[in-house]
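# Architecture and fold: a report
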Amino acid sequence: MSAQYEKLTTWLQQQALSAVLVSKRINVRYFSGFAGSAGVLVVSPTTRKLFVDFRYVEQARQTAPEFETVKCKANPLDAAVEYLREQDFPQIGFEAEDLTVADFRRITSMVAENHWIPAILDSLRAVKSADELAKIETAARILDQAFAKILPQIRPGIAEHSLAALLEYEMRQLGSERTGFATIVASGPRSALPHGVAADRLLATGDLVVFDFGAVYDGYHSDMTRTVCLGPASDRQRQVYQTVLTAQMAGLAAVRPGALCRDVDRTARDIIETAGYGECFGHGLGHSVGLAIHESPRLSPLAGEARLEAGMVVTVEPGIYLPEWGGVRIEDLVVVAADGCRILSHTTKQLLELT
């Protein structure tokens, strides 16, 4: 974890902070290696402490050997703040977005509010190390293999939730710790729901079926979407699918170091708007992926001046959603590379007409 820790200490110097309190679970794991459900870090240029309760002492010692494990009798957050009070650090960064109002009131009752400086640490996770990329690539490979296994089961009369269960079973068999998010299987008119989590609807001939699913390998996520047609596709289904595929390929071609996130989004969005479906693509083109399924930066019209860097991992997932008719989304997971992007999702993007 030395590289991650060095990122944090460099950030401390840049922010002119004497210490930082890390409470967000994902960031605790990123900077220390500890993945338990209750733990808090205190980091300064000369301090690495991990505060945990009795349940996690051994796990902390095993998974965060570069940190001193501090066993707490009470709340680890309170113990960490008490340590900060004793050290009398003048400027302390804290993850304001992670703490509740009650938490903030409690910590400022122990250390005066003027010592606390709101800090956002998530951006330090944006560029992945080689080890992180290897884990994400493994998680992406699980998706390709699991989808290939369930393809023969996609047929009229099977329920969406049954297909979701089969897909999740295959992912677990292939090494996924859990699903990365609620598995989406949305068929027929329900495929127009961008987040149409699997329901009890039975698939029927003529349906478009959207599959959006993710695996987790050693904490790292993957994400992929494919849309298939049950039986021969209609002319309109083919036209909508081809529009989305053309937009997706253009989005992939726009991913490169230095590219503005909103410009990458615009490259794909222009194609969908030109085809007359602009109002039917209401979400961003993609998002970063790592220890969390949704990370920053995001490929969207609202991404502002955020620029892609080599080593970032993002999704490229345009869609068209037509109420009461259906929808199409195609999503690949990619690594921003020196000369463009490297695609981690290898399942075919040809329109599959399953019979």
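Residues numbered from 1 in each chain as written. Predicted model: local features only at pLDDT ≥ 70, side-chain atom pairs only at ≥ 80, totals over all residues. Heavy atoms only, no water.

## So, the side chain of T225
Along the chain, T225 turns up in strand β11 (residues 224-230). Its relative accessible area of 0% is what places T225 among the buried residues. Side-chain polar atoms of T225 contact the side chain of D212, separated by 3.2 Å. At 2.5 Å, the side chain of T225 forms a polar contact with the side chain of E331. Ignoring any residue separated from it by four or fewer positions in sequence, one finds T225 in contact with V210, F211, D212, R329, I330 and E331. (Helix = DSSP H or I, 4+ residues; strand = E, 2+ residues; numbered from the N terminus. Buried < 20%, exposed > 50% of the residue type's maximum accessible area, 1.4 Å probe, protein only. Polar contact = N/O pair within 3.5 Å; in protein donor to acceptor, adjacent residues only side chain to side chain. Contact = heavy atoms within 4.5 Å.)

## Focus: the packing of aromatic side chains
Applying the stated criterion across every chain, the model contains eight aromatic pairs. Measuring from ring centre to ring centre gives 5.7 Å for F34 and Y56, while their planes differ by 80°; the resulting arrangement is edge-to-face. Pair noted here: F34 is in the loop between α2 (25-32) and β2 (40-44) and Y56 is in the loop between β3 (47-53) and α3 (57-63), with a separation of 22 residues, a long-range link. For the pair shown, F34 and Y56 are each scored as buried. Ring geometry for F94 against W116: centres 5.7 Å apart, planes inclined by 75°, an arrangement best described as edge-to-face. Of this pair, F94 sits in strand β5 (residues 92-94) while W116 sits in strand β6 (residues 116-118), placing them 22 residues apart in sequence. Comparing F94 with W116, the two get one shared label, buried. What links up through ring pairs into an aromatic cluster is the set F94, F104 and W116. Geometry around W325 places R236 over its ring, the cationic atom sitting 4.8 Å from the centre. (Phe/Tyr/Trp six-rings, centres within 6.5 Å; stacked < 30°, edge-to-face > 60°. Lys NZ or Arg CZ within 6 Å of the ring centre and 35° of its normal.)

## Regarding the pairing of β11
Counted residue by residue, β11 has seven buried out of seven residues, so it is predominantly covered. Of the two faces of β11, the one carrying M224, R226, V228 and L230 and the one carrying T225, T227 and C229 are both buried. Here strand β8 (residues 208-213) pairs with β11 via six bridges, running antiparallel. In the strand pairing of β11, L208 is matched with C229. Pairing between β11 and strand β19 (residues 353-354): two bridges, direction parallel. Following the sheet pairing, L230 is matched in β19 by L354. (Pairing = 2+ DSSP bridges.)

## Here we look at the environment of V244
The topology assignment puts V244 in helix α8 (residues 235-254). With a relative accessible area of 0%, V244 lands in the buried category. For the pair formed by V244 and A275, sequence separation is 31 residues and the distance between their alpha carbons is 9.8 Å. Those residues in contact with V244 that lie beyond four places of it in its chain are P318, G319, I320, V328, R329 and I330.

## Re the pairing of strand β18 (residues 340-343)
Taken together, the four bridges between strand β17 (residues 332-337) and β18 define a ladder with antiparallel strand orientation. The partner of A337 across the bridge, within β18, is G340. Adjacent in sequence and paired antiparallel, β17 and β18 are bridged by two residues.

## Examining the nonpolar core
Proteins that are soluble and globular tend to have nonpolar side chains buried together. Counting 36 residues, the largest nonpolar core has L8, W11 and L50 as the members making the most contacts within it. For this core, the leading source of residues is helix α1 (residues 2-15), giving four residues. Beyond its immediate stretch of four places on either side in the chain, L50 contacts V28, F34, G39, V40, L41, A60, A64, F67, E68, T69 and V70. Listed in part, the 33 residues of the second largest apolar core include L208, L245, L299 and M312. (Core = buried A, V, L, I, M, F, W, Y, C linked by side-chain atoms within 4.5 Å.)

## Points about the side chain of T243
Mapping T243 onto the fold places it in helix α8. The buried category is assigned to T243, whose relative accessible area is 9%. If sequence neighbours within four positions are ignored, T243 has contacts with I271, I272, A275 and I320.

## Considering the packing of helix α6 (residues 130-150) against helix α7 (residues 160-173)
For the pair α6 and α7, interaxial distance at closest approach is 9 Å and the crossing angle is 135°. Of the possible angle classes, the one that applies to α6 and α7 is oblique. Crossing angle aside, the handedness with which α6 passes α7 is right-handed. Across the interface between the two elements, I142, L143, A146, F147, K149 and I150 of α6 pack against L163, L166, L167, E170 and M171 of α7. Split into classes, the residues belonging to the contact of α6 with α7 amount to nine nonpolar, no polar and two charged. (Axes fitted to C-alpha atoms, helices over the stretch in contact; angles between N-to-C directions. Parallel < 35°, antiparallel > 145°, perpendicular 65-115°, else oblique. Left-handed = near helix turned anticlockwise from the far one by under 90°. Nonpolar A, V, L, I, M, F, W, Y, C, P; charged D, E, K, R; others polar.)

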